[in-house]
Amino acid sequence: MQTPDWGALEAVDGVRLSWNVWPNSRMEAQKCVVPFGALVTPRKVLPEMPVVPYDPIRCKGCAACLNPYARVDFNAKLWICPFCYTRNHFPQHYASISETNLPAELFPTYTTIEYQLQRPAGSPPAYMFVVDVCLIEEELSALKQSLTQALSLLPENASVGLITYGTHVHVHELGFDECPKSYVFRGSKEFTSQQIQDQLFRSTGGARPRPGQQTNGAAVTGHQSKFLVPLADCEFQLTSVLEELSRDSFSALPDCRPARCTGTAVAVAATLLASSVSNIPARAMLFVGGPATDGGGQVVGKELETAMRSHKDIAKGAAPFMNKATKYYETVATQLCTNGHCLDVFACSLDQVGLAEMKVCAEKTGGMVVLAESFANTVFKTSFARMFTTEGEDALGVSSGGVFEVITSRDVKTAGCVGPCAALDKKTLPGAIADVPVGSGGTTAWKLCSLSNDTSLAVFFEPANRGDGKDGTQTAPQQQSQQFFLQFVTMCTVPGGETRLRVTTTTRRWTEGANINDIAAGFDQEAGAALIARQLTWKMETEDEFDCPAATRWLDRSLIRLCQRFGDYRKDDPASFQLMPQFSIYPQFMFNLRRSQFVQVFNNSPDETAYYRMILWRENVLNSLVMIQPTLMAYSFNGPPEPVLLDVCSIAPDRILVLDAYFSVVIFHGQTIAQWRKANYQEQPEHEAFKQLLEAPKADAQEILGRRFPVPRLVDCDQHGSQARFLLAKLNPSATYNSAGMGGGSSDIIFTDDVSLQVFMEHLKRLAVAS
């Protein structure tokens, strides 16, 4: 039986559902194990999507937008909403519509349409650079070079500001031409928003700026123009300040970390933006090179003998600063969200910086996060430069001020959303909210302070018992009863300053809960794996008792229940077990998920784990699957590059392998290939084919690096070399040090006690068929 190409549907609407046929009762839905949900990419580039220069028509009952599934009475000039069945009259300017004269939103093929709202152009964006000066000279020099380069990439009408921090926080007054001038906040003290405003603006008579005033085409004026100045007016001065920027003058004591007040600097930046450009696109860009040791958001003591908290410390309650720092950053995140601003974090350090505590600021505001070892590292430099690219295929297409809204049929409840968003207090209809939230729940609308073309949100649903009369709902009319509808409405300001509203309306059908084959035929195992990964990591982030062993058990039990429900087998006969084609590779995804860095925290710091999960929460299905189950390509003299099994048996001496694990790309040379390369065979004219074989993987790896954000780490290694561990850690250990085959001679072996996929599947079959 041929499984549908769910990816082709995603290419049309940017929406992918885990189940495309839903059981019509809540009890039967619970037996399906994998959550009912959709992965939505609200700003996905859709070449076929129409853009119309007017505002949408909305239903007066549920606020759904007019769409191709609405029933239209052309004679009476009214339409019936497919969500709440309210009868709506068309406005006057739609008086000429007929079956042969339809507006774009009623075309059957235009299930996704974008409206160019008739609003004045938005204000130019504002950028507040928050720079750590506790770095060593080499790091500070590399950072200053990247910042100076960024100024040349910004639009001239963008407003820019600069805050530097170390022992104290310095807010630089860029509107003062005579000499460098800054306002200083003591780093060891926690300031309220009012205190920060008073200190920054009291010298100008105590009056604070009115947000949104316009000057020279930019949203800066009066008092605030001291700190946020149009780039065209201050580029020379800001460049001079950056060039003269030096390390913190308060050097660290012996055997102590430097005094670094990261939290205070972030709070000052958030308050300054709130006072100056409230509800205008603005980004606070934090550059941090070490842990906060002072003030609000402190994550570790100054003494070097006090180690940074580990996962084990957090589990034992031995991380004394963590709870207080997390609450501190939650307050800052709320302030940023309220004003529509976001925090980008560029953490470049060999040590942890406290990203696990401050992640809430980036998560709720949709800020970009980049984790690297150094500010001189290609990962940081390339990722940071791409933030400002506005044209070409590698442009991120960063939009701002977004609101994402979900409207569902009466029999579908919204459980919540997992992604870079903050919940708004909005409910479309009574009974539209599920009782048990998943992610950010209790609402049908979320705020997206910042989102890119690739930002994906996971929306979780709960099928309700149809026609049960609860919550005042009524049974749907008979002709509509086999279908249900979902509408995703996203309004945001695009990089050009226009306000756009994108409406995606999709429909799926109900079936009887006992009709297992019908339900199974609509299962998208790739979307299901991505949704399970988000739900699992959300539970690990929010539930204290849900640690790694508990998460692995939960995942295993879920998989066993799914196999029992949709497998074909005879009781107590593992050899008879078979899965339908729609579920064939789902167990493999779960095997790799339970081994992945999202679940297993061993050998990862809390900062790294937080970073990996943040990226997972904002990527689409395809990228999520690459994170869960990396792709492996083989290059050899025998033919063109080909995908091979993610297994140790794929290693061969005369092969080059390229592993794409999303966060890193590994070029792995087999032993023979590495020896030939070291002997410089590629430089001899008669070995031109070998030269091309060496270059092909590098070109493909560079192509991956060029299209991805954050830019992955590139690892070039040889078989049996020290960095080969980056590949071996991801491979299925079918040949280990204690297995009989010992790698089959030419292949490699992995020194691990982890079970292989084959053993995992044998145990799964045995447990699934057990009485």
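Here is a short report on the structure shown in this document. (Residues numbered from 1 in each chain as written. Predicted model: local features only at pLDDT ≥ 70, side-chain atom pairs only at ≥ 80, totals over all residues. Heavy atoms only, no water.)

## Describing the overall build of the protein
Move 1: In terms of helices and strands, the protein carries 20 helices and 30 strands.
Move 2: Projected onto its principal axes, the C-alpha coordinates of the protein cover approximately 80 × 80 × 60 Å.
Move 3: Sorting the 771 residues of the protein into buried and exposed places 58% on the buried side.
Move 4: Surface summary for the protein: the accessible area is close to 32200 Å², and the carbon and sulfur share equals 51%.
Move 5: Of the charged side chains in the protein, 68 are positive and 80 negative; the average position of the first set lies 7 Å away from that of the second. (Helix = DSSP H or I, 4+ residues; strand = E, 2+ residues; numbered from the N terminus. Buried < 20%, exposed > 50% of the residue type's maximum accessible area, 1.4 Å probe, protein only. Areas by Shrake-Rupley, 256 points an atom, 1.4 Å probe, with all protein chains shown as cover. Lys, Arg positive; Asp, Glu negative; His and termini not counted. Charge placed at Lys NZ, Arg CZ, Asp CG, Glu CD.)

## Some details on the pattern of salt bridges
Oppositely charged side chains can pair when the atoms bearing their charge come close.
Move 1: With the rule as written, the count across this model stands at 29 salt bridges.
Move 2: One salt bridge connects Glu373 with Arg713, and the closest N-O pair in it is separated by 3.5 Å. One end of the pair, Glu373, is in the loop between strand S16 (369-372) and helix H10 (378-386); the other, Arg713, is in strand S30 (residues 713-718), and 340 residues separate them in sequence.
Move 3: According to the relative accessible area criterion, Glu373 is partly exposed, its value standing at 40%.
Move 4: In this structure, Arg613 and Glu541 form a salt bridge, with 2.9 Å as the shortest nitrogen-oxygen distance. Pair noted here: Arg613 is in helix H15 (residues 606-616) and Glu541 is in helix H12 (residues 525-542), with a separation of 72 residues, a long-range link.
Move 5: By relative accessible area, Arg613 is classed as buried at 6%.
Move 6: With a relative accessible area of 24%, Glu541 lands in the partly exposed category. (Salt bridge = Lys/Arg side-chain N within 4 Å of Asp/Glu carboxyl O.)

## Considerations on the nonpolar core
Move 1: Grouped together as the largest cluster of nonpolar side chains are 128 residues, with contacts concentrated most on Trp19, Phe488 and Leu593.
Move 2: Per-element tally for this core: the top contributor is H12, with 9 residues.
Move 3: The residues touching Trp19, leaving out its near neighbours within four places in the chain, are Cys32, Val34, Pro35, Phe36, Ile519, Gly522, Phe523, Leu562, Phe566 and Phe583. (Core = buried A, V, L, I, M, F, W, Y, C linked by side-chain atoms within 4.5 Å. Contact = heavy atoms within 4.5 Å.)

## Considering the sheet that holds S30
Move 1: One open sheet accounts for 5 strands, arranged S27-S26-S28-S29-S30; its pairing is mixed. The strands lining the two open edges of the sheet, one partner per strand, are strand S27 (639-643) and S30. Across this sheet, the average inter-strand angle for adjacent strands is 15°, counted without regard to direction.
Move 2: Here strand S26 (residues 631-636) pairs with strand S28 (residues 656-660) via 5 bridges, running antiparallel. By the bridge assignment for S28, Met633 is matched with Val658.
Move 3: Along the sheet, helix H18 (residues 688-707) makes contact with S26, S28, strand S29 (664-669) and S30, crossing S29 at roughly 175°. (Pairing = 2+ DSSP bridges. Axes fitted to C-alpha atoms, helices over the stretch in contact; angles between N-to-C directions.)

## Quick notes on the layout of surface pockets
Move 1: Roughly 1700 Å³ of volume is contained in the largest pocket.
Move 2: Gln597, Asn603, Asn604, Glu608 and Tyr612 are the residues nearest the centre of the largest pocket, which is lined by 50 residues in total.
Move 3: Of all the secondary structure elements, the ones that give two or more residues to the lining of the largest pocket are strand S15 (341-348), S16, helix H14 (586-595), H15, helix H16 (621-628) and helix H19 (725-728).
Move 4: At 4 residues, H15 tops the list of elements feeding residues into the lining of the largest pocket.
Move 5: Classifying every residue of the lining of the largest pocket by side-chain character gives 27 nonpolar, 13 polar and 10 charged. (1 Å grid on protein atoms, 1.4 Å probe; cavity = no way out; pocket = protein on both sides within 12 Å on 5 of 7 lines; lining within 4 Å. Points joined across faces, edges and corners; volume = space filled by probe spheres on them. Nonpolar A, V, L, I, M, F, W, Y, C, P; charged D, E, K, R; others polar.)

## What to know about the packing of H12 against helix H13 (residues 548-566)
Move 1: Orientation of H12 relative to H13, taken along the N-to-C sense of each, is 150°, at an axis distance of 10 Å. Between H12 and H13, the angle falls in the class roughly antiparallel. Relative to H13, H12 is oriented so that their crossing is right-handed. Across the interface between the two elements, Ile532, Gln535, Leu536, Lys539 and Met540 from H12 touch Cys548, Ala551, Trp554 and Leu555 from H13.
Move 2: Looking at side-chain class alone, the contact of H12 with H13 contains 7 nonpolar, 1 polar and 1 charged residues. (Parallel < 35°, antiparallel > 145°, perpendicular 65-115°, else oblique. Left-handed = near helix turned anticlockwise from the far one by under 90°.)

## Examining the packing of aromatic side chains
Move 1: For the coordinates displayed, the defined rule picks out 43 aromatic pairs.
Move 2: Look at Tyr611 and Tyr612: their rings are 5.9 Å apart centre to centre, the planes differ by 50°, and that puts the pair in the tilted class. The pair formed by Tyr611 and Tyr612 is uniform in burial state, with each residue classed as buried.
Move 3: Aromatic pair Phe637 and Trp676: ring centres 6.3 Å apart, planes at 45°, arrangement tilted. With Phe637 in the loop between S26 and S27 and Trp676 in helix H17 (residues 671-678), the pair connects residues that are 39 residues apart, well separated along the chain.
Move 4: A residue is classified by how much of its surface remains accessible, and Phe637, at 45% relative accessible area, is partly exposed.
Move 5: A residue is classified by how much of its surface remains accessible, and Trp676, at 29% relative accessible area, is partly exposed.
Move 6: In textbook terms, an aromatic cluster arises when at least three aromatic residues are bridged by ring pairs, as seen for Trp19, Trp22, Phe36, Phe461, Phe484, Trp510, Phe523, Phe566, Phe583 and Tyr586.
Move 7: The aromatic ring of Phe546 is capped on one face by Lys539, whose charged end is 5.2 Å from the ring centroid. (Phe/Tyr/Trp six-rings, centres within 6.5 Å; stacked < 30°, edge-to-face > 60°. Lys NZ or Arg CZ within 6 Å of the ring centre and 35° of its normal.)

## With respect to the packing of helix H8 (residues 322-338) against helix H9 (residues 355-365)
Two packed helices can be described by the angle between their axes and the distance between those axes.
Move 1: Between H8 and H9, whose axes approach to 7 Å, the crossing angle comes to 20°. Taken as axis vectors, H8 and H9 run roughly parallel relative to one another. When the axes of H8 and H9 are compared, the crossing they make is right-handed. For the pair H8 and H9, contact is made by Met322, Ala325, Thr326, Tyr329, Glu330, Val332, Ala333, Leu336 and Cys337 and by Ala356, Glu357, Met358, Val360, Cys361, Lys364 and Thr365, respectively.

## Some remarks on the state of the cysteines
Move 1: Taken as a whole and judged by the stated rule, the model has 0 disulfides.
Move 2: Cys81 takes part in no disulfide bond, and the closest cysteine sulfur to it belongs to Cys62, at a distance of 3.6 Å.
Move 3: Here Cys81 falls in the buried class, since its relative accessible area comes to 0%.
Move 4: A disulfide-free cysteine, Cys717 has its sulfur positioned 18 Å from the sulfur of Cys649, the nearest such atom. (Disulfide = S-S within 2.5 Å.)

## Re H12
For an α-helix, 3.6 residues make a turn, and residues three or four places apart therefore share a direction.
Move 1: For H12, with 18 residues, the first-to-last C-alpha span of 26 Å sits near the 26 Å given by 1.5 Å per residue.
Move 2: Counting buried positions along H12 gives 15 out of 18 residues, so the element sits mostly inside the fold.
Move 3: Its side-chain oxygen placed 3.2 Å from the backbone nitrogen of Glu526, Asp524 serves as the N-cap of H12. (Expected span 1.5 Å × (residues − 1). Polar contact = N/O pair within 3.5 Å; in protein donor to acceptor, adjacent residues only side chain to side chain.)

## Quick word on the side chain of Asn339
Move 1: Summarising the element assignment, Asn339 is placed in the loop between H8 and S15.
Move 2: Those residues in contact with Asn339 that lie beyond four places of it in its chain are Ala274, Ser278, Asn279 and Ile280.

## A few points about the sheet that holds strand S21 (residues 457-463)
Move 1: Across the sheet, which stays open at both edges, the 4 strands sit in the order S1-S3-S21-S18 with antiparallel pairing between neighbours. Each end of this open sheet is capped by a strand with a single partner; those strands are strand S1 (15-17) and strand S18 (412-418). Going from strand to strand, the sheet's axes swing by 25° on average, the running direction of each strand aside.
Move 2: Two elements, strand S3 (residues 36-40) and S21, share 5 bridges in a ladder whose sense is antiparallel. Across the sheet, residue Gly37 finds its bridge partner in S21, namely Phe460.
Move 3: Set on the sheet, H12 makes contact with S1, S3, S18 and S21; between it and S3 the angle comes to about 100°.

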